[in-house]
Amino acid sequence: MSKRLLMRCKVSQLSIDELAINVNIQQSKLAIILLTLEMQGIIISMPGKVYKLA
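Residues numbered from 1 in each chain as written. Predicted model: local features only at pLDDT ≥ 70, side-chain atom pairs only at ≥ 80, totals over all residues. Heavy atoms only, no water.

Draft legend 1. Quick peek at the environment of Asn22. Of note, Asn22 is situated in helix 2 (residues 16-23). Given the relative accessible area of 35%, Asn22 is considered partly exposed. In this structure, Asn22 is in contact with Arg8 and Leu14, ignoring residues within four places of it in sequence. (Helix = DSSP H or I, 4+ residues; strand = E, 2+ residues; numbered from the N terminus. Buried < 20%, exposed > 50% of the residue type's maximum accessible area, 1.4 Å probe, protein only. Contact = heavy atoms within 4.5 Å.)

Dropping the structure here:
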């Protein structure tokens, strides 16, 4: 799941809504994954709930 998510973030900055649709996962589960990746320094949270690779 994280690999698909990272591939999507690599292409462009996406909102949590767009990511949830693209990787077909509930936003609540996606939020946990995103927080984990952010704490690991892999992604960066931008204003407006937009995420990109670090």
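Draft legend 2. Quick peek at the sheet that holds strand 1 (residues 14-15). Spatially, 3 strands are ordered 1-3-2 in an open sheet, and the strand pairing comes out antiparallel. Only two strands of the sheet have a single partner each, and these edge strands are strand 1 and strand 2 (43-46). Two strands pair when backbone bridges link them, and strand 2 and strand 3 (residues 50-53) are joined in this way by 4 bridges, in the antiparallel orientation. Across the sheet, residue Ser45 finds its bridge partner in strand 3, namely Tyr51. With respect to the sheet, helix 3 (residues 27-39) is in contact with strand 2 and strand 3, its orientation differing from that of strand 2 by roughly 115°. (Pairing = 2+ DSSP bridges. Axes fitted to C-alpha atoms, helices over the stretch in contact; angles between N-to-C directions.)

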